[in-house]
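Single-letter residue listing:
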Amino acid sequence: MTIPDGILGLHHVTALASDPRANLAFYRDRLGLRLVKRTVNFDDPGTYHLYYGDELGRPGTIVTFFPWPGARRGQPGAGQAVRILFAVPEGAVGAWRERLRDADLDGPREVDGAPVLLVKDPDGLEVGLIEVAASDSKPFWEGGGVPGGMAIRGVVGVRLLVEDGEQTARLLTERFGLADLDGASRRFGRSEPGGEWLELQVDPRAERGRVAAGSIHHVAFRVADDAHQEKVRGGLLSDGLHVTPQLDRNYFRSVYFREPGGVLFELATDPPGFTVDEPAATLGSDLKLPDWLEPVRERIEASLPLLEPMGAAAAGGSHG
């Protein structure tokens, strides 16, 4: 098998939140994403790690959150990802405006001719719904209570705010293999219809951001497997970037580094996926822990806030 030189696309985006129940209510119940995994932050098991995506949590559909109850609000700024865009079918933005009419909305507006509706999540993170014609044929979570003609088809765009975009752009094109799409915004991605992109917002006067609730923690990119990850990692090291050793996240294996503009990036393998420790039919129903945390499960469960009323996960089958 030929190992690709660059990345395969977006894998997931991870952000911070405050109230886990408000987070669940917004991303699962309002946006109709499936809660595909409820686990904990492996580096800080006193807080949840919640994963949302399509039916199986396919790479490219996933957003994840570390919710810390009572956490203060973050401040968007340079060295951060500051916006997530979800793809929806053509003609869907009007229906989303009606569905989210009581939320903090902005738009519809247009990005390179495509209608976009912006909304703030419960912690102030900016989330967009953008019409992408090529998304119609992509799978989605049919049990999320959102009609198929408007349901989210995955993450299609992420905005990065940096003070100087030249080195970041060079990494995206020369190391990640992305094309400069030359739209109204400076976007880098795959040129095929419906392909994902990164948008560079360059502001030399931007203050550095403060990462807290409502902030994006990191952006993860797809690599096919361990060999592909090691190839890309080697290239990054040769560029003079500090890249972590591989870490096992149970559902993928990861390495992390800060790109030249300061945004935390991750390379995440496609396998093994979210069905490695529970069947597809019941994804997200129970708290899952890695083997090394099972001996302290009782202590972890006692420290976590109640995510939803007892029995709600089992009774609410449409919510996964």
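Residues numbered from 1 in each chain as written. Predicted model: local features only at pLDDT ≥ 70, side-chain atom pairs only at ≥ 80, totals over all residues. Heavy atoms only, no water.

What follows concerns the nonpolar core. Membership of the largest hydrophobic core comes to 67 residues, with the highest contact counts inside it found for Tyr 27, Val 63, Phe 86, Trp 96, Phe 176, Phe 265 and Leu 267. If we skip the residues at most four places from it in the chain, Tyr 27 touches Gly 32, Leu 33, Tyr 52, Val 63, Phe 65, Asp 121, Leu 125 and Val 127. Leu 85, Val 111, Leu 118 and Val 132 belong to the second largest nonpolar core, which has 10 residues in total. (Core = buried A, V, L, I, M, F, W, Y, C linked by side-chain atoms within 4.5 Å. Buried < 20%, exposed > 50% of the residue type's maximum accessible area, 1.4 Å probe, protein only. Contact = heavy atoms within 4.5 Å.)

What follows concerns the packing of aromatic side chains. Throughout the structure, instances matching the rule amount to 15 aromatic pairs. Ring geometry for Tyr 51 versus Phe 252: centroids 6.4 Å apart, planes at 65°, classification edge-to-face. Residue Tyr 51 is located in strand E3 (residues 44-53), and its partner Phe 252 is located in the loop between strand E14 (247-248) and strand E15 (253-258); the two are separated by 201 residues in the primary sequence. Taking relative accessible area as the criterion, Tyr 51 reaches 3% and is therefore assigned buried. Taking relative accessible area as the criterion, Phe 252 reaches 3% and is therefore assigned buried. Of the aromatic side chains, those joined through ring pairs into one cluster are Phe 26, Tyr 27, Tyr 52 and Phe 65. Arg 34 extends its terminal NZ or CZ atom over the ring of Trp 141, reaching a point 4.4 Å from the ring centre. Over the aromatic face of Trp 197 sits the side chain of Arg 187, whose NZ or CZ is 4.5 Å from the ring centroid. (Phe/Tyr/Trp six-rings, centres within 6.5 Å; stacked < 30°, edge-to-face > 60°. Helix = DSSP H or I, 4+ residues; strand = E, 2+ residues; numbered from the N terminus. Lys NZ or Arg CZ within 6 Å of the ring centre and 35° of its normal.)

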